Amino acid sequence: MKVTLSHVPRIAQRIAIELNKSGLVTMTRGLDPVSHEAEKILEESVKKEQALEERVNEMLAENEDNIEDMLADERQLFFLIKKKLAPEYGVILSYEDRYSDISHKILDELYEEDLINYEVTENHIKNIIYNAITGYIASNDEIDDAVMEKIRSYKRRIIPGTEEFDIIHEKLYNEELQKRGLA
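Cut-offs applied
Residues numbered from 1 in each chain as written. Predicted model: local features only at pLDDT ≥ 70, side-chain atom pairs only at ≥ 80, totals over all residues. Heavy atoms only, no water. Salt bridge = Lys/Arg side-chain N within 4 Å of Asp/Glu carboxyl O. Helix = DSSP H or I, 4+ residues; strand = E, 2+ residues; numbered from the N terminus. Buried < 20%, exposed > 50% of the residue type's maximum accessible area, 1.4 Å probe, protein only.

Caption draft 1: The pattern of salt bridges, seen in detail. Under the counting rule described, the total for this entry stands at 15 salt bridges. In this structure, the salt-bridge partner of lysine 105 is aspartate 101, at a minimum N-O distance of 3.2 Å. One end of the pair is lysine 105 and the other is aspartate 101, both in helix 5 (residues 95–112) and four residues apart, which spans about a single turn. Overall, the relative accessible area of 38% leaves lysine 105 in the partly exposed class. Judged by relative accessible area, aspartate 101 falls into the partly exposed class, the value being 27%. Note that glutamate 164 is salt-bridged to arginine 156, the shortest N-O span being 2.4 Å.

Right under this line is the structure:
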């Protein structure tokens, strides 16, 4: 799943909570500073990918006539261009590798800012951060599936992408978060 800016605060909070619950980390200034540093790094990653995708879309728009003339698959072109430009923007396309890299960056920042102390290997702590990120994503996918199922069960059809859909989705999503004790 692709992480968006709206997910960042929740993921950062989950990282702080998981580190604290692990019993392997001592937080020198509490959960909030840890969450704040994680949020900055996650936000930076999301914004890099947004900038990359914005540039790819610009390139596709500039060449729209050629794309139509060649009957090219625009989605496939999007991915190929994104793959080509990713290193220039500092974006790792493999989610597994990206989340591992982000986990390392968060760990380094937390240590450098003296927000955590630990007496186990760095890899152990990095894995807690990585698992917090991937765990959030997995639970988010489950929540989104539940929300979409509820929307599909409505008597009248709610069209994705409409303002009505977005409002209903957000309401049901927040209810599902509360039901699962995640909000």
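Now that the structure is up, let's keep going.
Caption draft 2: Fine view of the environment of glutamate 88. Locating glutamate 88 in the fold gives a position in helix 4 (residues 74–89). For glutamate 88, a relative accessible area of 63% puts it in the exposed group. Taking C-alpha positions, glutamate 88 is 8.8 Å from leucine 52, a pair spaced 36 residues apart along the chain.

Functional significance is not addressed by these values, which are geometric in nature.
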